[in-house]
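The chain contents come next:
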Amino acid sequence: MAQKPSIPKGTRDFSPAEVAKRNHIISIVKKHFERYGFQPIETPSFENSETLLGKYGEEGDRLIFKILNSGDFISKVDDVTYSSKNSNSLTPKITEKALRYDLTVPFARYVVMHQNEIDFPFKRYQIQPVWRADRPQKGRFREFYQCDADVVGANSLLQEVELIQLYDAVFTELGLEGTTIKINNRKILYGIAEVIGAQNRLVDFTVALDKLDKIGEQAVKAEMIKKGISESAIAKATPLFGMVGTNEEKLEILKGLLSESELGTEGVEEVKTILTYVEGLGLTSASLQLDVTLARGLNYYTGAIFEVAAPATVKMGSIGGGGRYDDLTGIFGLKDVSGVGISFGLDRIYLVLEELGLFPESLETSLDILCLNFGEKEGAAALKLVSALRSFGLRADLYPSAAKVQKQFKYADKRKVPYVILLGEKELNAGQFIVKDMTTGNQEYYTLNNPEEFFQTL
RNA sequence: GUGGUUGUAGCUCAGUUGGUUAGAGCGCCUGAUUGUGGUUCAGGAGGUCGUCGGUUCGAGACCGAUCUUCCACCCCA
């Protein structure tokens, strides 16, 4: 090797052990998605630029990976644009495709394109990588997996209730105790902005409010002033900052505060309904918490907003999020289709489970039985034995060459194989094979004609 | 995108004010042990010190650029 190879910033290789752990999470997520009636779809890793651009705000556009056109693309650019050296005007002329930034927008595109084939309400799930040209940090990558479940064509708040249950079911089976599902409603945020007279600064207001638990009341107020929100408006919003207590108590405060806002009152009612349902059904490992400061950046949410926080002992950003969007397909020309969905952050959940030691030990075993190789004749017999074991559903393998027994044992040890089979000349002549239990060191004889006898002992 | 931080063997890290041949632990390979792993003992391999350039008689160390890591913003899974 002339020079050491490398991979791009924010990307990762996954070893067999890491893939096993990732698959463990994926299989549980998938199982519960299907249990709740979701069907899988997949979409291309790249879309036409116009499908993605403008859907995530200005910041989002900057983070979208653009794909250079094929062929002699630069000669097709007019001289004025070319010599302007302006990226913003040049980029659209030399890139027509872009890597997907999330799974929700491609899904909306999918729904619109296939609206005549889809049976509504449509519940789909999707587990695929997405790409963002972000600066990497812990738990932040430029290529990462999202696991999304969305329902479109169903307005009922029961969907929100089910999605909360789904979160709880997945985290429970992963063994992750103490997650907090935070819930809020865009209508409440709008109502607050309306009541305090800052509806034209809704986004700035919510983005600042979202930082409350991170930077504190004073800093949030300072940011609001900087964004042009009046002091009198902020003063009216002050009750929000110190809002503590149970979900019911918070709802009462909000109800009073938003009594003059029709939309705000609607939002309060929606949250109340969802909370009541969930309370009736109960959650196993997660707790549901109303959090008025929860804003989430994505602008397309119109109703409920969710975010899942890892257990407080782990320092990690949100491990999931979602919400209701009433008009996502509208941007692609299909009006009046309401959607609601949630997303699991696979890579972050992985880091949390790793930190808490919650991956099952059984994932370390990638092979149940290794049969040692003692030579040509013995190997042939061993191959037959291995085939029989495989037919029982065991993960069995024959060491490929008649290397030193010591070396073969060492290999078995490294691979954490629980059983090793010895089938040498002696055993072959006696029609037997030896099974060594690698944890206890015990060895047992079995007959070659009846490998099932060994299988029954497992 | 802004500001900072990091990079020495496969891994975790030492390396003094710039000065001979860059070290340790773990791991790896070989042997003790030609049919028994995890323990032990002996020996061995492996580094153009992230990369490129500069300062200097001399650079792992100083300077610049670049890539990478992590962190705080921005934003977000």
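The model shown is predicted, which means the values in this text are computed figures rather than measured ones.

1. Quick word on the overall build of chain A
Okay, step 1: Counting its secondary structure elements, chain A contains 18 helices and 16 strands.
Okay, step 2: Its C-alpha atoms give chain A a radius of gyration of 29 Å, more than 25% over the compact-globule value 23 Å for 458 residues.
Okay, step 3: Each principal axis of the C-alpha distribution contributes one length, and for chain A these read about 95 × 65 × 45 Å.
Okay, step 4: Taken across its 458 residues, chain A has 47% of its residues classed as buried.
Okay, step 5: Across chain A, contacts joining residues at least 24 apart in sequence account for 69% of those joining residues at least 6 apart.
Okay, step 6: Element-wise, carbon and sulfur atoms account for 50% of the exposed surface of chain A, whose accessible area totals about 23500 Å².
Okay, step 7: Within chain A, one finds 54 positive and 62 negative side-chain charges whose respective centroids are separated by 7 Å.

2. Looking at the side chain of arginine 109
Okay, step 1: Residue placement: arginine 109 occurs in helix α6 (residues 104-113).
Okay, step 2: The exposure class assigned to arginine 109 is buried, which follows from its relative accessible area of 13%.
Okay, step 3: Here glutamate 47 takes part through its side chain, which lies 2.5 Å from a polar atom of the side chain of arginine 109.

3. What about the pairing of strand β7 (residues 180-185)?
Okay, step 1: In terms of burial, β7 is a largely internal element, 6 of the 6 residues being buried.
Okay, step 2: Pairing of β7 with strand β8 (residues 287-290), which is carried by 4 bridges, proceeds in the parallel orientation. Within β8, the position partnered with lysine 182 by the bridge is glutamine 289.
Okay, step 3: In this structure, β7 lies alongside strand β9 (residues 304-309), joined through 6 bridges in antiparallel fashion. Counted as the bridge partner of threonine 180 is alanine 309 from β9.

4. Observations regarding the packing of aromatic side chains
Okay, step 1: Scanning all chains against the criterion turns up 18 aromatic pairs.
Okay, step 2: Geometrically, the ring pair formed by phenylalanine 107 and phenylalanine 122 is tilted, given 6.0 Å between the ring centres and 40 degrees between the ring planes. Placement of the pair is phenylalanine 107 in helix α6 and phenylalanine 122 in strand β5 (residues 122-131), with a sequence separation of 15 residues.
Okay, step 3: The exposure class assigned to phenylalanine 107 is buried, which follows from its relative accessible area of 0%.
Okay, step 4: Classification of phenylalanine 122 by relative accessible area gives buried; the value is 7%.
Okay, step 5: Members of the aromatic cluster, joined through ring pairs, are Phe33, Phe38, Tyr125, Tyr167, Phe171 and Phe344.
Okay, step 6: Lysine 123 extends its terminal NZ or CZ atom over the ring of phenylalanine 38, reaching a point 4.7 Å from the ring centre.

5. Section: unusual backbone geometry
Okay, step 1: A cis geometry characterises the amide bond from phenylalanine 120 onward to proline 121, with omega recorded as -5 degrees.
Okay, step 2: Topologically, proline 121 is positioned in the loop between α6 and β5.
Okay, step 3: Residues other than glycine seldom take positive phi values, yet aspartate 336 does so here, at roughly 60 degrees.
Okay, step 4: You can see aspartate 336 is positioned in the loop between β10 (320-325) and β11 (339-345).
Okay, step 5: Look at lysine 416: it is not a glycine, yet its phi comes out positive at around 60 degrees.
Okay, step 6: Inspection of the secondary structure assignment puts lysine 416 in the loop between α16 (405-414) and β14 (419-422).

6. Notes on the sheet that holds strand β6 (residues 143-152)
Okay, step 1: Within the open sheet, the 8 strands sit side by side as β1-β5-β6-β11-β10-β9-β7-β8. Their pairing is mixed. Both outer strands of the open sheet, β1 (39-40) and β8, are each paired with one neighbouring strand and no more.

7. Quick word on helix α9 (residues 202-209)
Okay, step 1: Among the residues making up α9, those that are buried are Asp204, Phe205, Thr206, Ala208 and Leu209.
Okay, step 2: Those residues of α9 that are buried lie in contact with α8 (186-195), α10 (212-226) and α11 (231-241).

8. Description of the nonpolar core
Okay, step 1: Residues Leu254 and Phe344 are the most contacted members of the largest nonpolar core, which totals 75 residues.
Okay, step 2: Apart from residues lying up to four places away in sequence, leucine 254 is in contact with Ile188, Ile192, Leu240, Met243, Val268, Leu290 and Val292.
Okay, step 3: Formed by 22 residues, the second largest nonpolar core is a distinct cluster that contains Tyr101, Tyr110, Tyr300 and Val337.

9. A short note on the environment of valine 152
Okay, step 1: Position of valine 152 relative to the elements: it lies in strand β6.
Okay, step 2: Given the relative accessible area of 2%, valine 152 is considered buried.
Okay, step 3: Valine 152 sits 62 residues away from leucine 90 along the chain, and the two C-alpha atoms are 37 Å apart.
Okay, step 4: What valine 152 contacts, discounting residues up to four positions off in sequence, is Phe107, Val111, Phe120, Pro121, Phe122, Tyr325, Val337, Ser338 and Gly339.

10. Some points on the pattern of salt bridges
Okay, step 1: Applying the stated criterion across every chain, the model contains 19 salt bridges.
Okay, step 2: Between arginine 22 and aspartate 347 there is a salt bridge, with the nearest N and O atoms lying 3.0 Å from each other. With arginine 22 in helix α1 (residues 16-35) and aspartate 347 in helix α14 (residues 346-356), this pair connects stretches of sequence that are 325 residues apart. Summarising the burial analysis for this pair, arginine 22 and aspartate 347 share the class buried.
Okay, step 3: A salt bridge links aspartate 134 to arginine 140, with the shortest nitrogen-to-oxygen separation between them at 2.7 Å.
Okay, step 4: Arginine 140 sits in the partly exposed class, given a relative accessible area of 32%.
Okay, step 5: Among the charged side chains, a network of salt bridges with common partners joins Arg12, Arg22 and Asp347.

11. Remarks on α14
Okay, step 1: Residues of α14 that are buried: Leu346, Asp347, Ile349, Tyr350, Val352 and Leu353.
Okay, step 2: In this fold, the buried residues of α14 make contact with α1, β6, α7 (158-173) and β11.
Okay, step 3: The first or second residue beyond α14 is glycine 357, which carries a positive phi of 65 degrees.

12. Looking at the environment of isoleucine 319
Okay, step 1: As for its placement among the helices and strands, isoleucine 319 is situated in the loop between β9 and β10.
Okay, step 2: For isoleucine 319, a relative accessible area of 1% puts it in the buried group.
Okay, step 3: When the C-alpha positions of isoleucine 319 and leucine 346 are compared, they lie 7.7 Å apart, and in sequence the two are 27 residues distant.
Okay, step 4: When sequence neighbours within four positions are dropped, the list of residues in contact with isoleucine 319 reads Phe171, Leu176, Thr179, Val308, Ala309, Ala310, Ser343, Phe344, Gly345, Arg348, Ile349 and Val352.

Parameters at a glance
- Residues numbered from 1 in each chain as written.
- Chains lettered and ligands numbered in written order.
- Predicted model: local features only at pLDDT ≥ 70, side-chain atom pairs only at ≥ 80, totals over all residues.
- Heavy atoms only, no water.
- Helix = DSSP H or I, 4+ residues; strand = E, 2+ residues; numbered from the N terminus.
- Rg over C-alpha atoms; globule rule 2.2 N^0.38 Å.
- Buried < 20%, exposed > 50% of the residue type's maximum accessible area, 1.4 Å probe, protein only.
- Contact = heavy atoms within 4.5 Å.
- Areas by Shrake-Rupley, 256 points an atom, 1.4 Å probe, with all protein chains shown as cover.
- Lys, Arg positive; Asp, Glu negative; His and termini not counted.
- Charge placed at Lys NZ, Arg CZ, Asp CG, Glu CD.
- Polar contact = N/O pair within 3.5 Å; in protein donor to acceptor, adjacent residues only side chain to side chain.
- Pairing = 2+ DSSP bridges.
- Phe/Tyr/Trp six-rings, centres within 6.5 Å; stacked < 30°, edge-to-face > 60°.
- Lys NZ or Arg CZ within 6 Å of the ring centre and 35° of its normal.
- Core = buried A, V, L, I, M, F, W, Y, C linked by side-chain atoms within 4.5 Å.
- Salt bridge = Lys/Arg side-chain N within 4 Å of Asp/Glu carboxyl O.

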